[in-house]
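One-letter residues, chain by chain:
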Amino acid sequence: MKRFLYRPVTAATLVAALGLLTLGAVSVPQRAAVRPDQLASIRAAQPALVARAVQHLESRRSELGIGEQGGFQVRNAFTNSRGQVVARMSQTHAGVRVWGGEAIVHVLPGGELRTQTGDVRPGIVLTGEPAVTADQALAVARARFAAKGPLARPAKVEKVVFPTALTGGLALRWDAEHRPTIDRAMSVLHATPRAAQVWAWEVTLGTMNRPDGLREVRYVVDGSTGAILHISNGVKALTDYPMPTASPAPGTGTGLYAGSVDLATSVDEGGMNWLWDQTRGTAPLPYFRDIGTYYGYPGATTGLMVLYQDGFNYDPLYGDNTNFFSSAASSWGDGAPYLGVPNDANGQTAAVDAQSAATKTWDMFQLMFGRNGPDGQGTSVAVIVHPVDGMTGLPYDGSFFNNNFLFLGDRPDPANPGQWMPYAEPDVVGHEMSHGVVRSTAQLDGPSYAPESPALAEAFCDAMGEAVEAFVYGTPRADQWGTPLLPVDGNDWSIGARMTRGAPFRFLQKPSRDGASLDSWFEGIGMADPQFASGPLNRAFYFLAQGTSTRPGDAASSPYLPGGMTGVGIHAAAHIWFTMVTEYLGNVSGYTDARAAALAAARELYGAGSNEEFAVMNAFAAINVGEAPGQAPRTHVSLPLLIDRGFFYTDRPWYRYWPIVGRGTTVRLNADVSNNEDKRIDWKLGTPFASTGTKFEAGGTIGEDGRWQVPLRMGWHGMTAVSAADPLQYATTGVFLINMDNDDDGETDAVDMGGIALGWMLGPLSGGVIPNPSANSVFYNIYWVDDEDVGAFHQGFSHAFPVPAPAAAH
Amino acid sequence: MRTLALTLVAAVAVAGCSGSGGTASTLSYTNPTSTGWRLVKDPASTSTRLVLALVGPSGTNTRGVGFNLQAGPAARWSAFSSGLPIQDTGVLELRDSMPNPNLPPDPDEYVLLNGGLMDGNVLTVGIFQKDRRVTAKDASQPLLRIAIELDAKAQPGPIPLTLKKAKVLPEDIGAYTDDPLTVLSKSHLETIDIALGTLQAS
């Protein structure tokens with residue numbers, strides 16, 4: 001067995017060799033290259049610079065292969081603290097947005113333009129109009145959406161160019177035990193259209209009512225056939241709120257986590273106080289603006305607002321009863337765990353913590369990164385504490401950020417039964433508000449939803465949560481010019497330690513301490529719940545900031561970097577991470593993209609060949625992404641497409657992880673080993689996370705040759721290919737087992753298609769009167785059979801039964 | 001070396017043409033005498049590649065058929081230009097008979113037509129109408145085709161063909177207008193026997 005040549009080179013060694021200045025483990029950022037007055041003038045000139053960027057891109061039509069009809073429209077632009085205008089452009093064709101096509105342009109202070117055009121989609125030749133009308137597409141989407149109650153606002157229908165390579169999507173969802181299951185309503189099993197691009201309609205539908213709950217779903221409907229080609233989830237808050245007009249006024253509060261704090265509040269003409277900070281957030285919150293347009297909402301639309309949901313007065317039609325916090329007194333909260341009444345002094349406590357933490361997060365974005373709020377545009381944020389579970393009316397256990405609404409739920413207090421701990425701790429709030437940064441920049445958790453991108457979003461938000469925690473609790477410090485730096489103390493490298501009373505949700509130093517998260521990257525990690533697949537990037541952030549241990553077995557040690565590394569401190573690490581996401585990553589990025597983006601960010605911020613650049617290489621090498629300086633290429637194990645002909649996902653590599661296989665069949669698995677002469681594979685049933693949080697069954701038996709006798713138990717199963725030469729290198733895949741014995745004779749074969757025919761469309765076409773024999777459906781717990789069963793059967797069939805060779809030449 | 005290689009090629013060619021004492025070069029098929037479900041030789045056959053068509057008894061209507069057929073090791077199943085080892089003759093109506101009238105037809109619609117190889121040189125094929133709203137079709141015309149070729153090492157002699165399983169979707173499987181219990185009682189496949197001719201390598 002020949003192991004790769006390993007020659008660890010620490011950042012400190014390289015820095016010394018290059019004669020660069022290092023100040024221990026904490027990096028001192030380079031002084032901003034532009035003066036404040038220059039920055040102001042650049043920001044004032046931003047629209048013209050963005051227009052120039054568009055003009056520049058469009059002048060390169062031929063080079064980009066987008067033809068005369070190709071163009072770009074600005075999706076988002078901001079000026080960073082280094083005086084660079086960063087513009088994200090959506091690609092267009094004949095003025096119509098190209099789905100997933102984008103470019104990023106940096107306009108440097110000196111006028112130089114840098115472009116990233118890797119996601120521009122060339123060769124679009126569409127002309128004319130789609131055969132399917134917008135109304136027809138809307139009808140198709142509404143039929144799939146199947147809302148029981150009214151839509152929350154008018155449906156949005158937009159004509160787009162859809163690259164058909166993006167067709168499909170087997171949506172997973174995780175149950176309470178983190179067991180994955182297929183989400184039929186959100187899955188697309190349609191065959192990839194023959195054309196490379198089609199006209200399509202993107203239809204967005206949303207509800208917020210008792211029978212439907214909070215839903216927003218985006219459908220891409222083929223403009224030629226009306227088939228649904230892609231579905232993505234985009235939950236947004238869509239309810240109505242009263243809003244006072246009031247004047248800014250100081251208040252005080254007592255929080256559970258914040259203690260006694262001063263609050264920026266408002267008081268109206270009647271002397272009523274409101275938890276409404278009018279100093280942060282100058283652009284209207286989109287929802288309030290929209291309900292002003294559609295429904296005549298008369299209240300204020302800007303600022304940092306804190307509201308609550310009232311589970312005791314639940315509206316059976318429209319769901320929650322949401323209101324601003326108001327009080328005759330200007331002091332808020334009692335500093336105690338939540339007892340269940342949202343708007344009394346005790347219920348105000350979560351609001352105090354939430355407003356304090358949201359304020360600090362807003363200020364941290366501004367002071368550290370020069371960013372005006374999560375989206376950089378000063379768009380207002382509404383925090384909703386004590387949200388209510390849409391189905392039960394009980395306190396919602398969780399937190400999320402959508403459409404500039406920050407929902408902070410309540411978690412049962414492990415120390416006090418019957419009481420709750422609000423999700424209003426600074427690192428949690430920092431995490432959630434950072435999702436707003438992601439949504440307005442890289443959109444890692446956006447509609448494309450590539451396997452690893454949501455994990456990157458989660459990890460970035462964890463990193464920012466730690467930055468907020470350090471900002472809130474740490475010792476303030478500044479560089480020699482007086483520019484504030486993130487404190488080196490104050491954060492605990494875990495998320496939610498206070499609200500869980502010492503049992504955090506996530507550990508950045510060694511993510512697997514939570515019993516579910518992963519410590520290192522491998523091919524197939526995208527199958528895991530993003531909350532846990534975020535582990536490696538969290539660890540890389542910790543390593544980048546704090547360094548690693550060289551003692552095997554230490555929580556901070558990594559077998560992928562036994563020689564260890566020195567960290568660059570949380571300030572530099574946070575800046576690299578922030579720049580990585582806001583300026584370099586795209587909506588389908590994965591771990592390898594993150595490494596490249598972090599390196600670009602480190603070079604941008606600290607210079608090529610800097611200590612920070614090499615620290616980034618080491619930090620990613622320590623989680624098995626790329627090599628450290630001086631390391632030879634590592635053994636790599638990959639699983640080629642299981643689906644080698646037709647049907648689903650063939651053009652969308654990440655769906656290789658999610659093929660469909662018939663239970664009880666025999667499937668031949670193959671794995672490739674590169675960078676090692678020893679190609680032997682040890683096959684193992686299950687996945688590296690099978691025994692932890694996300695449960696893929698380890699069913700059936702698998703031979704040394706990769707022949708897998710597929711078990712009969714339906715659902716998700718996993719298997720892992722481990723390099724026999726280097727057991728640290730492996731790849732994993734998961735398959736969804738379907739029932740293909742549709743004639744129920746104990747054997748899977750082509751005759752089973754007759755069983756599918758017996759059930760095809762029987763339920764829906766009979767209005768559900770005729771029950772469909774469940775044996776005829778390839779999916780379990782599904783009581784109808786349609787073309788998705790037919791397509792799934794064909795995919796399972798292709799894995800089990802090879803086709804013979806075509807006619808031989810004679 | 002070059003001379004030797006040419007000599008060997010010539011020897012193989014002679015043996016191939018002789019039909020005795022070496023590998024077989026032609027494939028023939030004698031149709032069965034049955035008038036029920038049967039596999040008959042299709043005009044598209046050649047001397048090296050046999051195309052067989054499935055036809056049913058006259059006076060019978062069907063909505064589809066599938067079967068598993070084993071061949072001896074001297075023969076290998078062959079795919080058509082579509083890449084599948086089964087060819088649709090166009091008799092059966094495979095698509096949704098009533099797609100959304102407001103939408104254009106979907107060229108990528110999934111249909112119930114597929115085939116592949118099982119262990120033991122068993123060919124499994126099936127073709128079925130998925131939509132019970134369309135009428136059943138006359139089974140006495142070729143409903144599908146399959147193809148078989150000689151294995152490169154085949155010796156002259158008979159090649160066994162063995163039917164492992166065959167089922168048809170009958171005409172009456174219940175209509176949407178029937179009550180649910182009636183539909184369920186009729187929703188089943190019927191086992192059939194397919195008469196096979198004799199396959200000969202020479």
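As for the overall build of chain A
Working step 1: Of regular secondary structure, chain A possesses 17 helices and 36 strands.
Working step 2: The buried share among the 810 residues of chain A stands at 56%.
Working step 3: Of the contacts made within chain A by residues no fewer than 6 positions apart, 64% connect residues no fewer than 24 positions apart.

Details of the overall build of chain B
Working step 1: Regarding its fold elements, chain B presents two helices and 14 strands.
Working step 2: When burial is assessed residue by residue, chain B has 36% of its 202 residues classed as buried.
Working step 3: A fraction of 72% describes how many contacts in chain B between residues 6 or more apart in sequence connect residues 24 or more apart.

As for the interface of chain B and chain A
Working step 1: Listed per partner, the contact involves 47 residues of chain B and 40 residues of chain A.
Working step 2: Among the secondary structure elements, those contributing two or more residues to the side of chain B that touches chain A are strand E4 (61-71), strand E5 (75-78), strand E7 (112-118), strand E8 (122-128), strand E10 (144-150), strand E12 (161-170) and helix H2 (180-186) of chain B.
Working step 3: The element best represented in the side of chain B that touches chain A is E7 of chain B, accounting for six residues.
Working step 4: Taken together, the residues of the side of chain B that touches chain A sort by class into 21 nonpolar, 15 polar and 11 charged.

Topic: the confidence of the model for chain B
All names here are of chain B.
Working step 1: Here chain B averages 88 in pLDDT, and 90% of its residues register 70 or above.
Working step 2: Here residues 1-20 scores under 50 on pLDDT; set against residues more than four positions off or in separate chains, the count is 11 contacts.
Working step 3: With pTM at 0.76, the complex prediction returns an ipTM value of 0.91.

Digging into the sheet that holds strand E12 (residues 259-267) of chain A
All names here are of chain A.
Working step 1: Read from one edge of the open sheet, five strands run E17-E13-E12-E11-E18, paired in mixed fashion. Both edges of this open sheet fall to strand E17 (326-327) and strand E18 (331-332), since each of them pairs with a single strand only.
Working step 2: Both strand E13 (residues 273-274) and E17 contribute to a ladder of two bridges, which runs antiparallel. When the bridges of E17 are listed, Trp274 appears paired with Ser326.
Working step 3: Helix-sheet contacts for helix H7 (residues 345-369) involve strand E11 (247-255), E12 and E18, and the interaxial angle to E11 is about 115 degrees.

Notes on the pairing of E8 of chain B
Residue and element names in this part refer to chain B.
Working step 1: Most of E8 is tucked away, with six of its seven residues classed as buried.
Working step 2: Here seven bridges tie E4 to E8, and the two strands are oriented antiparallel to one another. Each residue of the ladder has a partner; that of Val65, found in E8, is Ile127.
Working step 3: In this structure, the hairpin formed by E7 and E8 is closed by a connection of three residues, where Gly120 is found at a positive phi of approximately 85 degrees.

Overview of the nonpolar core
Residues and elements named next belong to chain A.
Working step 1: Membership of the largest hydrophobic core comes to 257 residues, with the highest contact counts inside it found for Val221, Ala354, Val383, Phe541 and Leu544.
Working step 2: If one sorts the elements of this core by residue count, helix H9 (residues 453-473) sits on top with 13 residues.
Working step 3: Look past the residues within four positions of Ala354 in its chain and what remains in contact with it is Val306, Val383, Val385, Leu408, Ala424 and Val429.

Observations concerning the sheet that holds strand E29 (residues 660-662) of chain A
All names here are of chain A.
Working step 1: Pairing within the open sheet is mixed, and its four strands lie in the order E29-E36-E35-E32. The open sheet has two free edges, formed respectively by E29 and strand E32 (681-685), since each of these has just one partner strand. With direction set aside, neighbouring strand axes in the sheet form an average angle of 35 degrees.
Working step 2: The pairing of E32 with strand E35 (residues 715-723) spans five bridges and is antiparallel. By the bridge assignment for E35, Lys684 is matched with Thr720.

Details of the packing of H7 of chain A against H9 of chain A
Residue and element names in this part refer to chain A.
Working step 1: In the contact formed by H7 and H9, the axes pass within 10 Å of each other and the chain directions differ by 105 degrees. With respect to each other, H7 and H9 are oriented roughly perpendicular. Residue-level contacts link Lys360, Thr361 and Met364 of H7 to Ala467, Val468, Phe471 and Val472 of H9.
Working step 2: Looking at the contact of H7 with H9, its residues break down into five nonpolar, one polar and one charged.

As for the environment of Gly563 of chain A
All names here are of chain A.
Working step 1: The residue Gly563 is located in the loop between helix H11 (535-546) and helix H12 (569-584) in this model.
Working step 2: Taking the number of C-beta atoms within 10 Å as the measure of exposure, Gly563 has 19 and is therefore partly exposed.
Working step 3: As for Gly563 and Gly607, which are separated by 44 residues in sequence, their C-alpha atoms are 24 Å apart.

A few points about the confidence of the model for chain A
Working step 1: Predicted confidence across chain A gives a mean pLDDT of 83, with 82% of residues reaching 70 or more.
Working step 2: The low-confidence segment residues 235-242 of chain A (pLDDT under 50) makes 32 contacts with residues lying over four places distant or belonging to another chain.

Concerning helix H8 (residues 426-440) of chain A
Working step 1: Compared with the 21 Å implied by 1.5 Å per residue over 15 residues, the 21 Å span of H8 of chain A between its first and last C-alpha is a close match.
Working step 2: Most of H8 of chain A sits inside the fold, with 15 of its 15 residues counted as buried.

Some points on the packing of H11 of chain A against helix H14 (residues 611-621) of chain A
Residues and elements named next belong to chain A.
Working step 1: It is at 8 Å that the axes of H11 and H14 come closest, and there the two elements cross at 140 degrees. Regarding the angle of H11 to H14, the classification is oblique. For the crossing formed where H11 meets H14, the hand is right-handed. Residues Ala540, Phe543 and Leu544 of H11 touch H14, and the partners they reach there are Ala615, Val616, Ala619 and Phe620.
Working step 2: Residue classes in the contact of H11 with H14 are distributed as seven nonpolar, no polar and no charged.

A short note on the environment of Ile702 of chain A
All names here are of chain A.
Working step 1: Tracing the chain through its elements places Ile702 in strand E33 (residues 701-702).
Working step 2: Residue Ile702 is classed as buried on the basis of its C-beta count, with 20 C-beta atoms lying within 10 Å.
Working step 3: Placed 480 residues apart in sequence, Ile702 and Asp222 show a C-alpha to C-alpha distance of 40 Å.
Working step 4: When neighbours within four sequence positions are excluded, Ile702 is seen to be in contact with Trp683, Leu685, Trp708 and Met719.

Description of the environment of Gly83 of chain A
Residue and element names in this part refer to chain A.
Working step 1: Looking at the secondary structure, you find Gly83 in the loop between strand E1 (70-79) and strand E2 (85-93).
Working step 2: Residue classification places Gly83 among the buried positions, given that 21 C-beta atoms sit within 10 Å.
Working step 3: A C-alpha to C-alpha distance of 30 Å links Gly83 and Leu406, two positions 323 residues apart in sequence.

A short note on unusual backbone geometry
All names here are of chain A.
Working step 1: One non-glycine residue, Asn403, lies in positive phi territory at about 55 degrees.
Working step 2: Within the secondary structure, Asn403 sits in the loop between strand E20 (399-402) and strand E21 (405-408).
Working step 3: Residue classification places Asn403 among the partly exposed positions, given that 19 C-beta atoms sit within 10 Å.
Working step 4: Not every positive phi belongs to a glycine, and Asn624 is a case in point at roughly 75 degrees.
Working step 5: Its location among the elements puts Asn624 in the loop between H14 and strand E28 (636-638).

Remarks on the pairing of E12 of chain A
Residues and elements named next belong to chain A.
Working step 1: Pairing geometry for E11 and E12, over nine bridges, is antiparallel. Bridge pairing in E12 places Gly255 opposite Gly259.
Working step 2: Following E11, the chain reverses through three residues before pairing antiparallel with E12.
Working step 3: As paired strands, E12 and E13 are joined by two bridges and run antiparallel to one another. When the bridges of E13 are listed, Val267 appears paired with Asn273.
Working step 4: Counting the residues between successive antiparallel strands, the hairpin from E12 to E13 contains five residues, one of them, Gly271, with a positive phi of roughly 85 degrees.

The rules behind the values
Residues numbered from 1 in each chain as written. Chains lettered and ligands numbered in written order. Predicted model: local features only at pLDDT ≥ 70, side-chain atom pairs only at ≥ 80, totals over all residues. Helix = DSSP H or I, 4+ residues; strand = E, 2+ residues; numbered from the N terminus. Buried ≥ 20, exposed ≤ 12 C-beta atoms within 10 Å, placed from the backbone. Contact = placed C-beta atoms within 7 Å. Nonpolar A, V, L, I, M, F, W, Y, C, P; charged D, E, K, R; others polar. pLDDT = per-residue confidence, 0-100. Pairing = 2+ DSSP bridges. Axes fitted to C-alpha atoms, helices over the stretch in contact; angles between N-to-C directions. Core = buried A, V, L, I, M, F, W, Y, C linked by C-beta atoms within 7 Å. Parallel < 35°, antiparallel > 145°, perpendicular 65-115°, else oblique. Expected span 1.5 Å × (residues − 1). Left-handed = near helix turned anticlockwise from the far one by under 90°.

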